[in-house]
Amino acid sequence: MGKNVLLVDDSSTMRKIIGRSLRQAGLDFDNIFEASDGLEALEVLEKEKVDIVLSDINMPNMDGISFLREKASRDAIKDIPVLMISTETGDDIIGEAKSLGAIGAIKKPFTPDKVNEVLGPLL
């Protein structure tokens, strides 16, 4: 496939679960980069070629909403699509995320089928 993904979640276990779900969904990425918060995610995006970001909303240091806001202000990375993966799926928070450039959201917990359903068409 030749694509790279960045998984942003403060839980290393959740990052592993998401990575496994991508593989089980048949979405094979060349590289799966990881970050534990929005600050780390910005560092990765500045250094690596990333095709899509899967980000949690609730994280320490820099949450997913602040990450979207900061990412949008940086020309080199502002067009990289971000899909939110979170327990927070209220219309208000997801609406805010979408207004800041998120392309959608997947609610935790999720299945590989759900990941494929939402992410597959975006790749």
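For the structure itself, consult the block above.
The rules behind these values
Residues numbered from 1 in each chain as written. Predicted model: local features only at pLDDT ≥ 70, side-chain atom pairs only at ≥ 80, totals over all residues. Heavy atoms only, no water. Buried < 20%, exposed > 50% of the residue type's maximum accessible area, 1.4 Å probe, protein only. Helix = DSSP H or I, 4+ residues; strand = E, 2+ residues; numbered from the N terminus. Pairing = 2+ DSSP bridges. Core = buried A, V, L, I, M, F, W, Y, C linked by side-chain atoms within 4.5 Å. Contact = heavy atoms within 4.5 Å. Axes fitted to C-alpha atoms, helices over the stretch in contact; angles between N-to-C directions. Parallel < 35°, antiparallel > 145°, perpendicular 65-115°, else oblique. Left-handed = near helix turned anticlockwise from the far one by under 90°. Nonpolar A, V, L, I, M, F, W, Y, C, P; charged D, E, K, R; others polar. Salt bridge = Lys/Arg side-chain N within 4 Å of Asp/Glu carboxyl O. Patch = residues over 30% accessible without salt bridge, like charges linked within 9 Å, V, L, I, M, F, W, Y side chains within 5 Å. Areas by Shrake-Rupley, 256 points an atom, 1.4 Å probe, with all protein chains shown as cover. Lys, Arg positive; Asp, Glu negative; His and termini not counted. Polar contact = N/O pair within 3.5 Å; in protein donor to acceptor, adjacent residues only side chain to side chain.

Colleague: Honestly, the pairing of strand β4 (residues 82-86) in this entry has me stumped. Any pointers?
Modeller: One face of the sheet, then the other: side chains in a regular strand alternate in exactly this way. With five of five residues buried, β4 lies mostly within the body of the structure. Note that strand β3 (residues 52-55) and β4 share three bridges and pair parallel. Across the sheet, residue S55 finds its bridge partner in β4, namely M84. As defined by bridge partners, β4 adjoins strand β5 (residues 102-107) across five bridges and the pair is classed as parallel. Bridge pairing in β5 links I85 to I106.

Colleague: Just checking my understanding: could you explain the nonpolar core for this structure?
Modeller: Most often, soluble globular proteins have nonpolar side chains that are buried together. L6, V8, L45, V50, V53, F67 and M84 are the most contacted members of the largest nonpolar core, which totals 24 residues. Going through the elements one at a time, β1 (4-8), β2 (31-35), α2 (38-47), α3 (64-72), β4 and α4 (91-99) are the ones with two or more residues in this core. When residues of this core are assigned to their parent elements, the largest contribution, four residues, is made by α2. Sequence-distant contacts of V50, defined by excluding residues within four places in its chain, comprise N4, V5, L6, F33, V44, L45 and I80.

Colleague: Help me understand the packing of α3 against α4 in this model?
Modeller: The angle between the axes and the distance between the axes are what describe a pair of packed helices. The N-to-C vectors of α3 and α4 enclose an angle of 15 degrees; their axes lie 9 Å apart at closest approach. With respect to α4, the element α3 is oriented roughly parallel. Crossing of α3 over α4 shows left-handed handedness. Of α4, the residues touching α3 (which contributes I65, L68 and R69) are I93, E96 and A97. Class assignment for the residues of the contact of α3 with α4 results in four nonpolar, no polar and two charged.

Colleague: Would you mind going over the pattern of salt bridges with me for this structure?
Modeller: Oppositely charged side chains can pair when the atoms bearing their charge come close. Scanning all chains against the criterion turns up nine salt bridges. Measuring nitrogen to oxygen at the nearest pair gives 3.5 Å for the salt bridge that ties K108 to D56. Linking K108 in the loop between β5 and α5 (112-119) with D56 in the loop between β3 and α3, this pair joins segments that are 52 residues apart in sequence. For the pair K108 and D56, one class covers both residues: buried.

Colleague: Please explain a nonpolar patch on the surface as it appears in this structure.
Modeller: On the surface, I103, L122 and L123 cluster together into a nonpolar patch covering about 220 Å² of accessible area. Checked against the element boundaries, L122 lands in the segment after α5.

Colleague: Looking at this model, I keep getting lost on the side chain of K71. Mind explaining?
Modeller: Mapped onto the secondary structure, K71 falls in helix α3. One buried charged side chain, K71, makes no salt bridge at all; its nearest oppositely charged neighbour is D79, positioned 6.8 Å away. A polar contact is formed between the side chain of K71 and the backbone oxygen of K78, at a distance of 2.9 Å. A polar contact of 2.9 Å, which involves the side chain of K71, links it to the backbone oxygen of I80. Among residues more than four places away in sequence, those in contact with K71 are L42, L45, I77, K78, D79, I80 and V82.

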